[in-house]
Amino acid sequence: MLSKKMVDRINEQINREMYSAYLYLAMAARMQEAGYKGVGKWMMVQYHEEMFHAMKFYAYLQDQGAAVELKAIAKPEFKETTIKELFQHALEHEKGVSGSIREIAALAREEKDYATEGLAQWYVAEQVEEERNATEILQTIDLVGNSAQGLYLLNVELGKRDLGVASDFTKL
Ligand code: FEO
């Protein structure tokens, strides 16, 4: 059985993951509108991944017999327009999410809540991957510089990302 503090904290994390999904969805829209379909696809796949993160916590609360409390999702705010700026924003956002996950892991340890601590470890590892993905893309963007050909190839490369779930809703 989970403590009330833990249930509240996990419900808060569901909201943060859904905000993450919303943020990447908004970024996908900006990139698709700008003609960077591949970058938009990458962002759309990330949207799905964030929803998966939210739903994994959702399912966990239900497995533990705890109530899921959905909260309002904030409007995603970003002023950035270039691909590099968007990935810098994404990286900073992911660092914040990593801190939020560490808080859950620390609370679980404090409460000797080993089930949640085990689940939190999955997210800790996932956040390493999330930060690495954004960092590697930023490194590639720096290598490409202002080369139009390089940006074209990067757009094609990022468009290959696939989660095995629908990301092109025009084909449903
Ligand atoms: Fe769900 Fe990108 O962290």
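Predicted model, so just to flag it, every value in this text is computed and none were measured.

**Student:** Can you break down the packing of aromatic side chains residue by residue, with the values?
**Tutor:** Scanning all chains against the criterion turns up four aromatic pairs. On the numbers, 5.2 Å between centres and 70° between planes, the contact of Trp42 with Phe87 is edge-to-face. Placement of the pair is Trp42 in helix H2 (residues 37–63) and Phe87 in helix H3 (residues 83–110), with a sequence separation of 45 residues. By the burial criterion, Trp42 is buried, and Phe87 matches it. Taken together, the aromatic side chains of Phe52, Phe57, Trp122 and Tyr123 make up a single cluster linked through ring pairs.

**Student:** Before we move on, could you go through the nonpolar core and cite the residues and values that matter?
**Tutor:** Counting 25 residues, the largest nonpolar core has Met27, Trp42, Met43, Ile83, Phe87, Ile141 and Leu158 as the members making the most contacts within it. The biggest single contributor to this core is helix H1 (residues 4–33), with seven residues. Residues in contact with Met27, not counting those within four places in the same chain, are Met43, Phe78, Leu86, His89 and Ala90.

What counts, and where the lines are drawn
Residues numbered from 1 in each chain as written. Predicted model: local features only at pLDDT ≥ 70, side-chain atom pairs only at ≥ 80, totals over all residues. Heavy atoms only, no water. Phe/Tyr/Trp six-rings, centres within 6.5 Å; stacked < 30°, edge-to-face > 60°. Helix = DSSP H or I, 4+ residues; strand = E, 2+ residues; numbered from the N terminus. Buried < 20%, exposed > 50% of the residue type's maximum accessible area, 1.4 Å probe, protein only. Core = buried A, V, L, I, M, F, W, Y, C linked by side-chain atoms within 4.5 Å. Contact = heavy atoms within 4.5 Å.

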